Amino acid sequence: MRNKIFYGLGLLTISTFGFMVNTNALTIDKDTTLTANVTDGIVVESGSSVTIDLGGFDVSNVNGDHTIKIKEGASVVITGSGTVTNDFDKKAPVYNDGTVTIEGGTFKRTDGTNNSYYVLLNHGTMIIENGIFSVQNGKASLIDNGWYDPSVNVSKKIAKLTINGGTFEMNNNDKYIKNDDYGVMEVNGGTFNMYKPSSAVIANVGSVCGQETLTVNGGTFNYYGTGNPDSKGYAIWDYDWGTSDKSVTIVKGGNYNLVGDSVAGITNATIADGKNEFKVIGSDQYILVTENELDEKVEVTTLDDSNIIEEDKSLVEKVVNEKKYTVVGYYDIELFKSTENDLKVEQIYEADNAVSIKLELPSTLAKVQEGYKRTYYVIRVHDGVTTVIEAVDNGDGTISFKSDKFSTYSVVYTDEKIKKVTNPETTDNTLVYFVVATVSVMGLSVSGILLKKRFN
């Protein structure tokens, strides 16, 4: 190990393997609650196992080093409110070589054109339970888990990052949350907000050791597109380096709210557990569900002259005039694949099997006159073709019918006069008597013939 001693500005600094150690930094080797702002940074030495309560104070490093540095072999929990920042190029608010659990606090950078770096750099084990993590105007990732330059990782150790919660803000940032070379990342929760991105919210870009893995089990991903049709962005992105790339990205859950025509959900990743990626109709949200979690649900909208397609109405009126029907009303009947909480993810225009549909009749519908019988029909207009379907009157103000196609419908009816039937009692009796008499006479005749033959 070669140590080089520098003197400057009255501060003694030691360079070990390329990173600066500020001797004025607050060294913590026991549980500590801050009682004032820290401007020279914090160092947690190897062998320490401590909790740092930020206590509502600010932590920075004016001396050009990382703000909170956790050395290999150290273990620390960061909790409480407070803000940890860094304004120097290639220096992070948190640099971890040991084990760190973040339970609270705000960690951020505001980057300039020639001044950019990660907010969290993990070369050890990092668990994020809560907190706010933000970068603005940056050209670097919000978090780097692993090594940008894998040759620096001489021991070839694996960096492990687990995100269980927290809020992650990337505003006008060029990159993403990055799983890098020698990185294993698991995302179980958290809210991820990406504004004007160039690539992705979370990206798995590692490939060197073949163990690089990104697993997304949950979280809410809010992705606001670039507005540039030539720039393609993703919520979850596994960068494909070619045949030598053995990294794996597995997505098992999460809610994906993607705004903008140039964004997509999950790319080059495996969606596990039989789930598929669906875009919620009428929103920018993507969800992951299995086909078994979706139900087919019918949605009925009453139409009037203001929202019915004129061509469909003309086709219905042609059938009405030919059949002498009376129109009850017009309806747009649609079939969707929906989740149990009524998120519609796919519209079905033609079903494999006919679906039972029940429609409520208007309360203002004229009653059937005495001596008349009413029969209901449904006229379906689908792809310019009209079909008349007989409906069942349920007797409770509703009708039912079946259909396998979904578009414009009209409910119609006919009222037919009930034919009076004369009392057939006399005629029936006469007929019965006549038949009986005939049979009797025939019986006598036959009997006579038989007797005659017997005694001849």
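Scroll up for the structure.
A. Examining a negative patch on the surface more closely. On the surface, a cluster of negative charge is contributed by Asp-295, Glu-296, Glu-340 and Asp-352. Within the secondary structure, Asp-352 sits in strand S37 (residues 350–360). Given the relative accessible area of 78%, Asp-352 is considered exposed.

B. Representation of the sheet that holds strand S25 (residues 213–216). What the ten strands build is an open sheet, ordered S5-S7-S10-S13-S16-S19-S22-S25-S28-S31; its pairing is parallel. Of all the strands in the sheet, the pair left with one neighbour each is strand S5 (32–33) and strand S31 (270–271).

C. Region of the structure containing helix H1 (residues 310–323). With 14 residues, H1 should reach 20 Å at 1.5 Å per residue; the first-to-last C-alpha distance of 20 Å fits that figure. Looking one or two residues beyond H1, the residue adopting positive phi is Lys-324, at roughly 60 degrees.

D. View of the packing of aromatic side chains. One pass over the structure, following the stated rule, counts 13 aromatic pairs. For the ring pair Phe-192 and Phe-221, a centre distance of 4.8 Å and an interplane angle of 10 degrees mean the geometry is stacked. Taken together, the residues span a long stretch of sequence, with Phe-192 in strand S23 (residues 191–195) and Phe-221 in strand S26 (residues 220–224) at a distance of 29 residues. Residue classification places Phe-221 among the buried positions, given a relative accessible area of 0%. Ring centres of Phe-221 and Tyr-256 lie 4.9 Å apart, and the angle between their planes is 5 degrees; on these two criteria the pair is classed as stacked. With a gap of 35 residues between them, Phe-221 in strand S26 and Tyr-256 in strand S29 (residues 255–259) connect regions that are remote in the sequence.

E. Geometry of the environment of Pro-93. As for its placement among the helices and strands, Pro-93 is situated in the loop between strand S11 (82–85) and strand S12 (94–96). Sequence separation between Pro-93 and Lys-69 is 24 residues; the distance between their C-alpha atoms is 8.4 Å. Contacts of Pro-93, omitting those with residues within four sequence positions, involve Thr-67, Ile-68, Val-84, Thr-85, Asn-86, Lys-108, Arg-109, Tyr-118 and Val-119.

F. Representation of the nonpolar core within the structure. Core analysis: the biggest nonpolar cluster contains 50 residues, and Ile-202, Ile-236 and Tyr-256 have the highest contact counts within it. Residues within four places of Ile-202 in sequence aside, it is in contact with Tyr-176, Ile-177, Met-185, Val-187, Phe-192, Leu-214, Phe-221, Ala-235, Ile-236 and Trp-237. Residues Ile-333, Leu-335, Tyr-376 and Tyr-409 belong to the second largest nonpolar core, which totals 20 residues.

G. Seen up close, the pattern of salt bridges. Per the stated rule, a full pass over the model turns up 16 salt bridges. For the salt bridge of Lys-178 with Asp-180, the shortest nitrogen-to-oxygen distance reads 3.0 Å. Judged by relative accessible area, which is 8%, Lys-178 ranks as buried. Note that Glu-291 is salt-bridged to Lys-337, the shortest N-O span being 3.3 Å. Within this pair, whereas Glu-291 is found in the loop between strand S33 (285–289) and strand S34 (295–303), its partner Lys-337 is found in strand S35 (residues 326–338), the two being separated by 46 residues in sequence. For Glu-291, a relative accessible area of 38% translates into the label partly exposed.

H. Region of the structure containing the sheet that holds S37. With antiparallel pairing, three strands are arranged side by side in an open sheet as S37-S41-S40. What marks the edges here is a single partner per strand, and that holds for S37 and strand S40 (392–393). By the bridge criterion, seven bridges tie S37 to strand S41 (residues 398–405) in an arrangement that is antiparallel. Looking at S41, one finds that Lys-358 is bridged to Ser-400.

I. Layout of unusual backbone geometry. The residue Asn-172 is not glycine, and still its phi comes out positive at about 60 degrees. Residue position: Asn-172 is located in the loop between strand S20 (167–171) and strand S21 (177–179). Owing to a relative accessible area of 37%, Asn-172 belongs among the partly exposed residues under this scheme. For Lys-324, which is not glycine, the phi torsion reads 60 degrees and is therefore positive. Position of Lys-324 relative to the elements: it lies in the loop between H1 and S35.

Analysis parameters
- Residues numbered from 1 in each chain as written.
- Predicted model: local features only at pLDDT ≥ 70, side-chain atom pairs only at ≥ 80, totals over all residues.
- Heavy atoms only, no water.
- Patch = residues over 30% accessible without salt bridge, like charges linked within 9 Å, V, L, I, M, F, W, Y side chains within 5 Å.
- Areas by Shrake-Rupley, 256 points an atom, 1.4 Å probe, with all protein chains shown as cover.
- Salt bridge = Lys/Arg side-chain N within 4 Å of Asp/Glu carboxyl O.
- Lys, Arg positive; Asp, Glu negative; His and termini not counted.
- Charge placed at Lys NZ, Arg CZ, Asp CG, Glu CD.
- Helix = DSSP H or I, 4+ residues; strand = E, 2+ residues; numbered from the N terminus.
- Buried < 20%, exposed > 50% of the residue type's maximum accessible area, 1.4 Å probe, protein only.
- Pairing = 2+ DSSP bridges.
- Expected span 1.5 Å × (residues − 1).
- Phe/Tyr/Trp six-rings, centres within 6.5 Å; stacked < 30°, edge-to-face > 60°.
- Contact = heavy atoms within 4.5 Å.
- Core = buried A, V, L, I, M, F, W, Y, C linked by side-chain atoms within 4.5 Å.

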